[in-house]
Amino acid sequence: MQLEATGKFQPATRMDGLALSEIVQISERAAELRAEGRDIVALSTGEPDFPTPPYVITAARDAALAGQTRYTPTAGTAMLRDAIAHRVGAARNNVIVSTGAKQVLANALMATLDPGDEVIIPAPYWTSYSDIVRLCQARTVTVPCQMTDGFKLSPKSLEQAITPHTRWLMLNSPSNPSGAVYSADEFVALAAVLERYPDVWVISDEIYQHLTYGEFASFAAVAPALKERVLTVNGVSKAWSMTGWRIGWGIGPSALIAAMTAVQGQFTSGASSVSQAGALAAILGDRALLAERCAVMKGRRDYVVSALNEMPGLQCAVPDGAFYAFPSCAGLLEDAGGPFDSDAAFCTWLLEEAGVALVPGRAFGLPGHVRLSFAYSDTELSDALARMAKALRGLTR
Ligand code: PMP
């Protein structure tokens, strides 16, 4: 669905091609069906179902009662920036706190991209990456990374995608939507290519760091030679179940952070004072809770992946992080003799037929797949998977 000129309204050229998010469209259709009285299970959104830890809420309440209710410095409170910097051996001026990790990305791209610049984004990717690049009037260079390659970018395809216009490579490990996690060695191999291209910078989005089911590697830590051109993005949204608090941060070279702060200073100013107090409590707090929640997610992952792999037409790799399964639905498409002409047609059918909402892979730049979030209760997951299995068996009988 595209935005269009209507009546006297004429969108700016930077809006060209900016589609309303397919995730939002699916969720809206699911809501419509629910309003008609249909029983719908939506596995389409990307937020943990756990509550925010109570100690975080208490800290935020105490901060508000103590008067921390005014504007904060644009780049974030000194205490929060220091706590973030301290964990990675950086300094306060290497850190910006923003209204969610999303605003960190927007600040960085807005502060650095000119029309005609290129950003390399391995697909599948989180939908906002390409949309923010578009709003900056720059160009996304998509590099498809197939399931057979673990949905990961190879050094060779990285090198082939680089041109004199490349400004950024955007990495996301663990990945939304594929759950792929890069090992330290895989990052080192990508860094070796980038060492030959000193004008290409790297955004490493590590928002799912604490939802990694094996080893986690941070790009900046394993590629110290690139330190002066890496922006690490992280936040409290996913690990601490704080999506509504809107706190994320970027860690990078101070000149980049200063430029990002200048952008943020005009658009939103400092992030919410009360939320920053909550985020500080979160990152200083007991980490045992994170491990417990990660273990619960891992159990759900194992259950969901094996159930999907038993369904006719679907094939699902095991995600090493985040809370999404990204099965291939190629076996259900016309090329394979199946009934659907696209992943989107399959999702529409599944919603209408089985009342289960998933997101088509094409929204993430890799058609032929669907994304299913397993950040739901066991009851919701088993209900949704049973309906899917039933509908698919009916189809292929
Ligand atoms: N990066 C990725 C890969 C995400 O999946 C999300 C949330 N869906 C974000 C960034 C944005 O996080 P926040 O809510 O902190 O803005």
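Please refer to the structure higher up on the page.
Residues numbered from 1 in each chain as written. Predicted model: local features only at pLDDT ≥ 70, side-chain atom pairs only at ≥ 80, totals over all residues. Heavy atoms only, no water.

A. Summary view of the site of the ligand. The environment of the ligand is made up of 13 residues, and the closest members are Ala101, Asp205, Tyr208, Ser237 and Lys238. Within the backbone of Ala101, one N or O atom sits 2.8 Å away from an oxygen atom of the ligand. Within the contact set of the ligand, a nitrogen atom lies 2.6 Å away from a side-chain nitrogen or oxygen of Asp205. Calculation on the ligand without its partners gives an accessible area of 400 Å², and the protein chains cover 92% of this total. Of all the cavities here, the one that holds the ligand is the largest pocket. (Near = heavy atom within 4 Å. Polar contact = N/O pair within 3.5 Å; in protein donor to acceptor, adjacent residues only side chain to side chain. Areas by Shrake-Rupley, 256 points an atom, 1.4 Å probe, with all protein chains shown as cover. 1 Å grid on protein atoms, 1.4 Å probe; cavity = no way out; pocket = protein on both sides within 12 Å on 5 of 7 lines; lining within 4 Å. Sits in = over half its atoms within 2 Å of the grid points.)

B. The arrangement of the sheet that holds strand β7 (residues 230-235) in detail. Taken in spatial order, the seven strands make up an open sheet running β2-β8-β7-β6-β5-β3-β4, and their pairing is mixed. Two strands lie at the open edges of the sheet, namely β2 (95-98) and β4 (139-144), each paired on one side alone. When the angles between neighbouring strand axes are averaged without regard to direction, this sheet yields 20 degrees. By the bridge criterion, four bridges tie β7 to strand β8 (residues 248-251) in an arrangement that is antiparallel. Counterpart to Gly235 in the pairing with β8 is Gly248. The strands touched by helix α5 (residues 127-135) are β3 (118-123), β4, β5 (166-172) and β6 (201-205); relative to β3, the strand with the most contacts, the crossing angle is about 165 degrees. (Pairing = 2+ DSSP bridges. Helix = DSSP H or I, 4+ residues; strand = E, 2+ residues; numbered from the N terminus. Axes fitted to C-alpha atoms, helices over the stretch in contact; angles between N-to-C directions. Contact = heavy atoms within 4.5 Å.)

C. Structural context of the nonpolar core. Membership of the largest hydrophobic core comes to 75 residues, with the highest contact counts inside it found for Leu231, Leu308, Phe346 and Met388. It is helix α13 (residues 378-396) that contributes the most residues to this core, seven residues altogether. The residues touching Leu231, leaving out its near neighbours within four places in the chain, are Val104, Ala108, Trp168, Val202, Ile203, Ser204, Gly250, Ile251, Gly252, Leu256, Ile257 and Met260. Cys145, Ile162, Leu190 and Leu194 belong to the second-largest nonpolar core, a separate cluster that totals 23 residues. (Core = buried A, V, L, I, M, F, W, Y, C linked by side-chain atoms within 4.5 Å. Buried < 20%, exposed > 50% of the residue type's maximum accessible area, 1.4 Å probe, protein only.)

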